[in-house]
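# What the coordinates show
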Amino acid sequence: MTDFRQKALDYHEFPVPGKTAVALTKAAETSMDLALAYSPGVAEPVREIAANPADAYRYTNKGNTVAVISNGTAILGLGNLGPLASKPVMEGKALLFKRFANIDATDIQVKHRTNEDFINTVEAIADTFGGINLEDIKAPECFEIERELISRCAIPVFHDDQHGTAIVTAAGMINALEIQGKNIADAVFVCLGAGAAATACMSLLVKCGAQRENIYMLDRKGVIHSDRTDLNEYKALFATPTEKRTLRDAMEGADVFLGLSGANLLGAEELALMADNPVIFACSNPDPEINPAIAHATRSDLIMGTGRSDYPNQVNNVLCFPFIFRGALDVRAREINDEMKLAAVYALAELAKESVPASVLAAYPNITELTFGKNYVLPKPMDPRLLARVAKAVAIAAIESGVAEINTVPEYQE
Ligand SMILES: NC(=O)C1=CN([C@@H]2O[C@H](COP(=O)(O)OP(=O)(O)OC[C@H]3O[C@@H](n4cnc5c(N)ncnc54)[C@H](OP(=O)(O)O)[C@@H]3O)[C@@H](O)[C@H]2O)C=CC1
Ligand SMILES: CC(=O)C(=O)O
Ligand SMILES: [Mg+2]
């Protein structure tokens, strides 16, 4: 067993199994405390909430909670390993919600037979929480699940692998293309993967200026082209009239490679075919589509990002989901709409251009400098300014787009 593998297992096992626990926010030491917390005192907020459901935000933890819900059908890039095996990832997302945005998240794994079973289960428990973060649910089922839950629930429902990934990818891509001297409207994109993350990333990049005719998306069968008769409605949106059929065909002259598929699927020979000064975001977790060491050995003019913490340019939805939910919860947004997503994109992209406080460098002992450039196109997850910048931009966008119940912009400390 490698050192790192054992360290990771020990981290999860000791001193207590798992990564999260419940903490009390009220005193529970005296008989009076118990009388207030439980019977008879608890009856008072029960009566208030029964008379006015919005009082749940006043008297319970609802307003600061998010349920992280998965069925384990697309656990990172490891595939469909079932609900229980997804629990470490969902606990991990809960850890990140707490660490970065002080949101109390509960992980929930759902075993189900049909999509409708899953949707009904989540709908039935939704009122418990302030928001729902769907995670690691594979395409195409994830699209119907999210659409239905958004329409049935009164709280924000957000499929992180789609939109969290798309927001971070778009922010990093805008900056990387700028550094490489390329215009997003002219850039040719190859997207390996045509699932939840890939379709959402490319859709948001189109909203940021990418041209559909410049996008080659690939699934396991190759390029998604107009003559294919096996495409679902989501893949069909990216069908291109082209003679290109393989990854090799698509990579010839491309400006961008975006990997949202699986480990080691991009070869050095294909990377060598790209246009000058390309951008490579190989975002599959835990192992990217191409190892950065191979990519850098193949050509020196690229910008390379991965989904991992241990290489420069971490393109990972951790930069988004804690902060977009913080902003949404703070103004009690009914949904997370495109205006809020785009506000998060531009807040992230702008923050990467500012000089980095010493506390960020201190959190990364192997890094001596973080300056906007090829090895720093996105802020680091440990950057304490993320909360104030992204959550505030999201809260303002929610208010201005009319989906907030609270119309005062919260105060955020940097
Ligand atoms: N860095 C980040 O923040 C994030 C990274 N990801 C990564 O993206 C990947 C996909 O996740 P997600 O979209 O949720 O999963 P989905 O199951 O929804 O989609 C997976 C997609 O990858 C394609 N694929 C798998 N193997 C190959 C292959 N050998 N060649 C071409 N295409 C292939 C599948 O093709 P087909 O349609 O033919 O089955 C499918 O379109 C994972 O590796 C995940 O770790 C996801 C979210 C966030
Ligand atoms: C980061 C993440 O959500 C994923 O790889 O699925
Ligand atoms: Mg995920």
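Residues numbered from 1 in each chain as written. Chains lettered and ligands numbered in written order. Predicted model: local features only at pLDDT ≥ 70, side-chain atom pairs only at ≥ 80, totals over all residues. Heavy atoms only, no water.

Quick note on the threshold: UniProt positions are given in the numbering used here, feature names are shortened, and annotations may be inferred rather than shown by experiment.
The name recorded for the protein in an unreviewed UniProt entry is Malate dehydrogenase, from Shewanella avicenniae. Within the UniProt record for the protein, the comment given under Sequence similarities (unreviewed entry) is "Belongs to the malic enzymes family."

### Structural notes on the UniProt feature "domain: Malic enzyme NAD-binding" (unreviewed entry) in the protein
The condition that has to hold: Numbering goes from the N terminus for both helices and strands, where a helix is a DSSP run of H or I of at least four residues and a strand is a run of E of at least two.
As recorded in UniProt, the sites labelled "domain: Malic enzyme NAD-binding" (unreviewed entry) are residues 162-399. Taken end to end, residues 162-399 comprises 40% helix and 10% strand; its first and last C-alpha atoms sit 23 Å apart.

### Thoughts on the sheet that holds strand β4 (residues 157-159)
So the rule is basically this: Two strands pair under a simple rule: DSSP has to find at least two bridges between them. To get an axis, a line is fitted to the C-alpha atoms, and for a helix only the part in contact is used. The angle between two axes follows their N-to-C directions and goes from 0 to 180 degrees. Two residues qualify as a contact provided that any one of their heavy atoms is within 4.5 Å of a heavy atom in the partner residue.
Taken together, the four strands give an open sheet; going across it, the order is β2-β1-β3-β4, and neighbouring strands pair in parallel fashion. Edge positions in the sheet fall to β2 (104-109) and β4, since each has one partner strand and no second. Taking each pair of neighbouring strands and ignoring which way they run, the sheet shows an average axis angle of 20°. Both strand β1 (residues 65-70) and β2 contribute to a ladder of six bridges, which runs parallel. Across the sheet, residue Thr 65 finds its bridge partner in β2, namely Asp 104. Sheet contacts for helix α5 (residues 87-101): β1, β2 and β3 (131-134); angle to β2, the most-contacted strand, approximately 170°. Packing of helix α8 (residues 160-179) onto the sheet brings it into contact with β3 and β4, and relative to β4 it is tilted by some 75°.

### A word on empty space enclosed by the protein
What counts is decided by this rule: Residues are called lining when one of their atoms sits within 4 Å of a cavity or pocket point, these points coming from a 1 Å grid over the protein atoms alone, where a cavity is a set in which a 1.4 Å probe fits but cannot get out and a pocket is an open set with protein on both sides within 12 Å along at least five of seven lines. Grid points are joined across faces, edges and corners, and a volume is the space filled by probe spheres set on the points. Polarity classes work like this: nonpolar for Ala, Val, Leu, Ile, Met, Phe, Trp, Tyr, Cys and Pro, charged for Asp, Glu, Lys and Arg, and polar for all others, with Gly in that last group.
Taken as a whole and judged by the stated rule, the model has one cavity of 30 Å³ or more. Quantified by volume, the largest cavity comes out at close to 40 Å³. Across the lining of the largest cavity, the residue classes break down as four nonpolar, three polar and one charged.

### Observations regarding the coordination of the magnesium ion (ligand 3)
What counts, and what does not: Distances up to 2.8 Å from the metal define which N, O and S atoms are donors, and 3.2 Å serves for Na, K and Ca; water is absent from the atom set, so sites may look incomplete. Summary of the burial criterion: residues with accessible area below 20% of their type's maximum are buried, those above 50% are exposed, and those between are partly exposed, where the area comes from a 1.4 Å probe applied to protein chains only.
On the protein side, the magnesium ion (ligand 3) has Glu 135 (OE), Asp 136 (OD) and Asp 161 (OD) as donor atoms, found 2.0 to 2.1 Å from it. Sequence spacing of the donor residues for the magnesium ion (ligand 3), all on one chain, is E-D-x24-D. Note that Glu 135 is positioned in the loop between β3 and α7 (141-152) and Asp 161 in helix α8, a separation of 26 residues in sequence. Each member of the pair, Glu 135 together with Asp 161, is buried.

### Regarding the pairing of strand β5 (residues 189-192)
Stated formally: Here the term right-handed applies to a crossover when the path leading from its first strand over the helix to its second strand runs clockwise, the strands being oriented away from the viewer.
Judged by which residues are buried, β5 turns out to be covered on both faces: Phe 189 and Cys 191 on one side and Val 190 and Leu 192 on the other are all buried. With four bridges connecting them, β5 and strand β6 (residues 215-219) associate as parallel partners. Across the sheet, residue Val 190 finds its bridge partner in β6, namely Tyr 216. The handedness of the β5 to β6 crossover, carried by helix α9 (residues 196-207), is right-handed. Here β5 pairs with strand β8 (residues 256-259) via four bridges, running parallel. Its bridge partner being in β8, Cys 191 is matched across the sheet by Leu 258.

### Comments concerning the sheet that holds β5
The strand order across the open sheet formed by six strands is β7-β6-β5-β8-β9-β10, and the pairing between neighbours is mixed. Each having just a single partner strand, β7 (222-223) and β10 (303-306) make up the two edges of the open sheet. Here α8 sits on the sheet in contact with β5, β8, β9 (279-282) and β10, set at roughly 155° to β9. Each of β5, β6 and β8 touches α9; the most contacted strand, β6, lies at about 175° to it.

### Focus on the site of ligand 1
For clarity, the cut-off: Nearness here has a simple test: a residue counts as near a molecule or strand if at least one of its heavy atoms is within 4 Å of that partner. Nitrogen and oxygen atoms within 3.5 Å of one another constitute a polar contact, given that in protein one can donate a hydrogen and the other can accept it, and given that sequence-neighbouring residues count only through two side-chain atoms. Using a 1.4 Å probe, accessible areas were evaluated by the Shrake-Rupley method; residue-level cover was limited to the displayed protein chains.
Neighbouring ligand 1 are 26 residues; Ala 194, Ala 197, Arg 220, Lys 235 and Ser 284 lie closest to it. Backbone polar atom of Gly 77 to an oxygen atom of ligand 1: 3.1 Å apart, as the coordinates give it. In this structure, an oxygen atom belonging to ligand 1 sits 2.9 Å away from a main-chain N or O atom of Ala 139. For ligand 1, the protein covers 86% of the area, taking 910 Å² as the surface of the free molecule. Contributions of two or more residues to the shell around ligand 1 are made by α8 and α9. The residue makeup of the shell around ligand 1, split by class, is eleven nonpolar, ten polar and five charged.

### Re the site of ligand 2
Around ligand 2, the neighbouring residues are Leu 76, Lys 93, Glu 135, Asp 136, Asp 161, Asn 285, Asn 316 and Asn 317. Take Lys 93: an N or O atom from its side chain is 3.0 Å from an oxygen atom of ligand 2. One nitrogen or oxygen atom from the side chain of Asp 161 is found 2.9 Å from an oxygen atom belonging to ligand 2. Expressed as a share of its isolated accessible area of 220 Å², the protein-covered part of ligand 2 is 86%. Along the lines of polarity and charge, the residues of the shell around ligand 2 split into one nonpolar, three polar and four charged.

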